[in-house]
Amino acid sequence: EAKGRGKNQAVFCTGEIKDSTTKNHTLVNNLYWALERDELQLLYQPKISLENNTIIGFEALLRWHNTDYGVVNPQVFIPMAEQTGMIKPIGLWVMKTACQQIKRFQEWTQSELSISINLSLIQLRDTSIVKNMAAILQETQIPPHLIEVEITESVAFQDEPFIMEQLQKIKELGISIAIDDFGTGYSSFSRLRTFPIDLIKIDSEFVRAISSNLHKDQAIIRSIIQLAKNLDLKVLAEGVETEEQLQFLKKEGCDFIQGFLFYAPLPAKSIEELLNYT
Ligand code: C2E
Ligand code: MG
Ligand code: MG
Ligand code: MG
């Protein structure tokens, strides 16, 4: 009976909703196998120092190559991974893979390249994350300051004492902390003061506005850069795509940039080739 009723209910769905729901169910089911089937890949986007135009490190960005749906965006499957608990093994895989890879890049170039890893709120709630990070540091012997975790502004300024504790412990390991997508959340200045941050990443939304000559957006970027300087933090601009944006950021004293103007996120093999020629 209950089964029949469930079927009847589906009649009330519009075709579109039903399709996307079915697709999501299939995706979620496939996600369970993604790790085992080796379908996950990390891309590495270079971070550039504006002081001397050199690559100082990379941000690890996750991709899922699904046989049926092609490349699935992290914005689609990370929430699914969180709902199903798959984020734990996936997050661990990301940390290990990214750190082993940066170790190889470092040995290859004999230089201090850093690696940034994105962490979500759900991941920070996991009590084993600090222990896992400590184990990876131990295993790889990477200088901890060359590992950076990125958390979005809204996560960082969550009123959750446990999150604060976790970040404090990560910081105590010597790992750096960056605030991602800065400017889109609702940060309070007092939080910025008490928080163990090293870097502010200006959201691409503001960077994009530079070229449209919106004075207010330029004023916001300028203020964020000044705020970072006054707090002794480094500042990076995300999503830099044009020469005009680059020149503005340089003039205002931004420390680092990421964006298609220099490099898109690339597979490890392409990065190795790149490091060969630079
Ligand atoms: P994010 O950390 O803010 O990453 C920046 C996003 O901007 C990336 O999208 C990157 O590919 C894209 N991007 C870089 N340069 C440019 C540019 O010049 N123009 C434009 N239009 N876009 C640019 P992506 O790779 O799709 O990642 C989306 C989000 O998914 C990330 O935002 C991050 O929040 C999350 N994410 C990615 N990998 C992971 C991961 O391993 N773990 C977790 N928890 N989240 C991840
Ligand atoms: Mg990020
Ligand atoms: Mg961002
Ligand atoms: Mg983002």
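Note: the structure precedes this text.
Residues numbered from 1 in each chain as written. Chains lettered and ligands numbered in written order. Predicted model: local features only at pLDDT ≥ 70, side-chain atom pairs only at ≥ 80, totals over all residues. Heavy atoms only, no water.

**Here's the deal with helix α6 (residues 129-140)**
When the terminal C-alpha atoms of α6 are compared, their 16 Å separation across 12 residues agrees well with the 16 Å that a helix rising 1.5 Å per residue should span. If you check which residues of α6 are buried, you get I129, V130, N132, M133, I136, L137 and T140. Buried residues in α6, looked at end-on, bunch into an arc of 160°, giving them a common side. Facing away from the buried side of α6, by more than 90 degrees, are the exposed residues K131, Q138 and E139. (Helix = DSSP H or I, 4+ residues; strand = E, 2+ residues; numbered from the N terminus. Expected span 1.5 Å × (residues − 1). Buried < 20%, exposed > 50% of the residue type's maximum accessible area, 1.4 Å probe, protein only. Arc of directions from axis to C-beta.)

**Examining the pairing of strand β7 (residues 199-202)**
What you see with β7 is no split at all: L199 and K201 on one side and I200 and I202 on the other are buried throughout. As paired elements, β7 and strand β8 (residues 234-237) share four bridges and run parallel to each other. Paired with L199 across the bridge in β8 is K234. (Pairing = 2+ DSSP bridges.)

**With respect to the pattern of salt bridges**
Counted by the stated rule, this structure contains 11 salt bridges. D126 is the partner of K88 in a salt bridge, and the nearest nitrogen-oxygen pair spans 3.7 Å. Of this pair, K88 sits in helix α4 (residues 87-109) while D126 sits in the loop between α5 (121-125) and α6, and the two are 38 residues apart along the sequence. Residue class for D126 comes out buried when judged on its relative accessible area of 14%. K269 serves as the salt-bridge partner of E273, at 3.9 Å between the closest nitrogen and oxygen. Here K269 and E273 lie together in helix α13 (residues 268-277), a separation of four residues that amounts to about one turn. A cluster of three or more residues bridged by salt bridges with shared partners is formed by E59, E150, K201 and E238. (Salt bridge = Lys/Arg side-chain N within 4 Å of Asp/Glu carboxyl O.)

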